[in-house]
Structure formats: C-alpha cells, structure tokens
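Now for the letters of each chain:
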Amino acid sequence: QVQLVESGGGLVQVGDSLRLSCAASGRTFSSYVMGWFRQAPGKEREFVARISWSGGRTYYADSVKGRFTISRDNAKNTVYLQMNSLKLEDTAVYYCAGSTANASDPKRYTYWGPGTQVTVSS
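This one's a predicted model, so the numbers in the text were calculated from it and none came from an experiment. Residue indices begin from 1 for each chain and proceed along its sequence in written order. With pLDDT at 70 or above as the cut-off, local features in this predicted model cover only qualifying residues; side-chain atom pairs require 80 or more to be listed or tallied, and sums for whole chains, interfaces and linings still use all residues. Side-chain figures throughout are based on the complete set of non-hydrogen atoms in the structure, without hydrogens or water.

Two orientations exist for strands paired in a sheet by backbone hydrogen bonds: parallel and antiparallel. Strand order in the open sheet formed by 4 strands is 1-3-8-7, with antiparallel pairing between adjacent strands. At either margin of the open sheet sits one strand with a lone partner, and together these are strand 1 (3–7) and strand 7 (68–73). The sheet shows a mean angle of 15 degrees between the axes of neighbouring strands, taken without regard to direction. With 6 bridges joining them, strand 3 (residues 18–25) and strand 8 (residues 78–83) adopt antiparallel strand pairing. Each bridged residue has a counterpart across the sheet, and for A23 the counterpart in strand 8 is T78. For two strands to pair, DSSP has to find at least two bridges joining them. Only runs of H or I of at least four residues qualify as helices and only runs of E of at least two qualify as strands under DSSP, and these elements are numbered from the N terminus. The convention used is that axes are lines fitted to C-alpha atoms, helices contributing only their stretch in contact, and that angles between N-to-C directions extend from 0 to 180 degrees.

Attention now goes to unusual backbone geometry. With a phi close to 55 degrees, N77 is a non-glycine residue in the positive phi region. With respect to the helices and strands, N77 occurs in the loop between strand 7 and strand 8.

This brings us to the packing of aromatic side chains. To describe a pair of aromatic rings, you give the distance between the ring centres and the angle between the ring planes. Aromatic rings from Phe, Tyr and Trp, taking only the six-membered ring of Trp, are treated as a pair when their centres fall within 6.5 Å; an angle between ring planes under 30 degrees marks them as stacked, one over 60 as edge-to-face, and anything in between as tilted. This model, assessed by the stated rule, comprises 6 aromatic pairs. Seen from their ring centres, Y32 and Y111 are 5.5 Å apart, and the 90 degrees between their planes marks the pair as edge-to-face. Of this pair, Y32 sits in the loop between strand 3 and strand 4 (33–39) while Y111 sits in strand 10 (residues 111–112), and the two are 79 residues apart along the sequence. By the burial criterion, Y32 is buried, and Y111 matches it. Aromatic pair F37 and W112: ring centres 5.0 Å apart, planes at 50 degrees, arrangement tilted. One end of the pair, F37, is in strand 4; the other, W112, is in strand 10, and 75 residues separate them in sequence. The lysine or arginine in question, R45, covers the ring of Y95, its NZ or CZ lying 3.8 Å from the ring centre. We count a charge as sitting over a ring when the NZ of a lysine or the CZ of an arginine lies within 6 Å of the ring centre and within 35 degrees of the ring normal. Positioned over the ring face of Y59 is R50, at 3.9 Å from the centre of the ring. Each residue's exposure class comes from its accessible area (1.4 Å probe, protein chains only) as a fraction of the maximum for that residue type: buried when under 20%, exposed when over 50%, partly exposed otherwise.

The analysis is restricted to geometry; functional conclusions fall outside its scope.
Here is the structure:
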C-alpha cells in the first residue's frame, strides 16, 4: 500500500515556475513507477510525466516537454514536478500516481493522491 499527498500548487502568472511535491508513505515507494497527471475542468485526466523506479528514465507529454521536469528522491519517498514557463493551458488539478507498470495510461496506475490545484493566470 502506498498513500500519496501532493503539495505545492497555487496561483501563478504566465511564464512563472512552480514545483509540485508528492509525498508517499509506505516502504515500497521505490518499487513503483511514479507519474504526474492533470485534469482540467470538462476534460479527461491526461498524462504529464512519469519516472522509473530508479529515477533513471523519464517520459513527458509533448505539451510539457522542455518545460517540466520530473524527479524523485527515494530516500525521502518524494516525487517532484518542476514546472517552468507555465502557460494558461497548464491550469488543472495535478495528481501524482504510482504504478507497477511503465505506462502513461492512467488506468494502469493503482495509487493516487487527492490532487493539487495549479492555476495560471494572465
């Protein structure tokens, strides 16, 4: 069992940066692929980024590639999402999630946090 809690969301302006954190409980955190997803009002939840259990491999949605960076610290049971050059379309609730599969499909993720709101304004 892994419990996840996101933090770091907030209201920022276009072009600003924000770092999200996801704290995990459970001894097996390092065994899981960790992902970040987001969901805007009226839209489906979409993949943002994921990172392998070791942190050695990362994958990004095209929409955030070059602007967002996912990382993890297994000693702290925490995964991060550094978001730079934020755009209006990045506004959404951001969720971290854990999976035993190296996948981008949210259906493949077993553990989810409650989410944190990110709002980008002009």
